Amino acid sequence: MNAILVDVSAYERDGFAIVPNILSPPECDQFKQEACRLIRERECSTGKVYPVYLGAAAASERFYQLTDDPRIVAILRAIMPTGIMFLSDKLVFKSEQAKFATPWHIDAAYWPNTRPKLSVWLPLDDATASNGTLTVVRGSHQHEWKHNRSDTHETLGAFQNIIRDRQWNPRDEVICNISRGSAIFFSDKLVHSSCSNTTGADRFTIISTYHAPAADEVFDKDYPARHVIL
Ligand SMILES: O=C(O)CCC(=O)C(=O)O
């Protein structure tokens, strides 16, 4: 395995780091196939189309193995020198059926009063401004942000939190155009959103969340695939 490097001081300054080509295109194809299987199974059992699938690692051996992939762990190890625990993951898929822009938010708004976390946003399709890639606000993890309730109808019920008061410099907004298999590692205090999927082309993403190993917090107990990695 080639060492993949991450600039840890840039991660700490900016709140995110992009690491190219972690998975190969054939691996992305296999993960996308597996994602489609999970989504189809759920749709068959619930009859509902919903753009988020929570708990891919809990439902699929293949996604469980991805949580400990040495190429991902090598980056996490540099960013999280005190240890790594996987908490949970989810698939977020934008397409012709789900073209909405994910609203501005920080992930910590979804898990208040728990220990700090980071997530790995890894698209299984090339992710661009036109199919809804992630947009981040450089350095925004250094500040506090107030959230309001979002219009959940617009996001098909998937995202409840929104930052309406955008007190940041628009020049710090970074549209992350990245090829499939590349990944964005980002702090749960980093402001982010996604572009609208104007083309309706598939944009499937697996998002995995990690924190430092510690005794379970009450919040953690809803996530059966959680486990200590290092
Ligand atoms: O993939 C997306 O559209 C954004 C996902 C996101 O922001 C989140 O799950 O917190």
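S.K.: Would you mind going over the overall build of the protein with me for this structure?
M.R.: The helix and strand inventory of the protein stands at five helices and twelve strands. Against the globule reference of 17 Å for 230 residues, the protein gives a C-alpha radius of gyration of 17 Å, in line with a compact fold. A principal-axis box enclosing the C-alpha atoms of the protein has dimensions of 45 × 40 × 35 Å. For the protein, the share of sequence-separated contacts (at least 6 apart) that also reach a separation of at least 24 residues comes to 87%.

S.K.: What is the right way to read the nonpolar core from this model?
M.R.: Nonpolar side chains in soluble globular proteins tend to be buried together. The biggest cluster of nonpolar side chains holds 50 residues, and the ones touching the most others in it are Ile 184, Phe 185 and Ile 206. The dominant element in this core, judged by the number of residues it contributes, is strand E3 (residues 85–94), at six residues. The contacts of Ile 206, once residues within four sequence positions are left out, are Phe 31, Ala 56, Phe 63, Leu 66, Asp 89, Leu 91, Leu 122 and Leu 124.

S.K.: What am I meant to see in the site of the ligand here?
M.R.: Around the ligand, the surrounding shell consists of Val 92, Thr 102, Asp 107, Leu 134, His 192, Ser 194, Thr 205 and Ile 207. Breaking the shell around the ligand down by element, the ones donating at least two residues are strand E10 (192–194) and strand E11 (203–211). Tallied by class, residues from the shell around the ligand come to three nonpolar, four polar and one charged.

S.K.: Would you mind showing me how to read helix H5 (residues 70–79) here?
M.R.: Each α-helix winds once per 3.6 residues, and so residues spaced three or four apart point in a common direction. Three or more residues of H5 are buried, namely Ile 72, Ile 75 and Leu 76. Along the long axis of H5, the arc covered by the buried residues comes to 100°, so they all point the same way. Buried residues along H5 sit in contact with strand E1 (16–19), strand E4 (117–123), strand E9 (183–187) and E11.

S.K.: Sorry, what's going on with the sheet that holds E10 here?
M.R.: Taken in spatial order, the three strands of this open sheet run E8-E5-E10, and their pairing is antiparallel. Among the strands making up the open sheet, the edge pair consists of strand E8 (173–175) and E10. Strand after strand, the sheet turns through a mean of 25° between neighbouring axes, direction not considered. Where strand E5 (residues 134–137) meets E10, three bridges bridge the pair, whose relative direction is antiparallel. Residue pairing for E10: Val 136 is matched across the bridge by His 192.

S.K.: It is not clear to me how helix H2 (residues 25–46) should be interpreted in this structure. Could you clarify?
M.R.: If you check H2, its first and last C-alpha atoms are 31 Å apart, about what 22 residues at 1.5 Å a residue would give, namely 32 Å. Close packing links the buried residues of H2 with helix H4 (61–67), E3 and E11. Downstream of H2 by one or two residues, Gly 47 has phi in the positive range, about 75°.

Cut-offs used in this document
- Every chain begins its residue count from 1, and numbering advances along the sequence as written.
- pLDDT decides what is reported in this predicted model: residues at 70 or higher carry local features, side-chain atom pairs at 80 or more are listed and counted, and totals for whole chains, interfaces and linings draw on all residues regardless.
- In this description a helix means any DSSP run of H or I spanning at least four residues, a strand means any run of E spanning at least two, and both kinds are numbered starting from the N terminus.
- In this description the radius of gyration comes from C-alpha coordinates, and the expected globular size is given by 2.2 Å times residues to the power 0.38.
- Contacts are defined on C-beta atoms placed from the backbone: any two residues whose C-beta positions lie within 7 Å are in contact.
- Take the buried Ala, Val, Leu, Ile, Met, Phe, Trp, Tyr and Cys residues, join any whose C-beta atoms are within 7 Å, and the set you get is a nonpolar core.
- Here a residue counts as buried when 20 or more other C-beta atoms sit within 10 Å of its C-beta, as exposed when there are 12 or fewer, and as partly exposed otherwise, the C-beta atoms being derived from the backbone.
- Here is the check we use: build the C-beta atom from the backbone, and if it is within 6 Å of the molecule or strand, call the residue near.
- Each residue gets one of three labels, nonpolar for Ala, Val, Leu, Ile, Met, Phe, Trp, Tyr, Cys and Pro, charged for Asp, Glu, Lys and Arg, and polar for the others, Gly among them.
- Summarising the geometry, the arc corresponds to the directions from the helix axis toward the C-beta atoms.
- Strand pairing is defined by DSSP finding a minimum of two bridges between the two strands.
- Structural elements are reduced to axes, namely lines fitted to C-alpha atoms, with helices fitted over the stretch in contact, and the angle between N-to-C directions of any two is expressed from 0 to 180 degrees.
- Under the convention used throughout, the expected extent of a helix is 1.5 Å for every residue step, that is, one less than its residue count.

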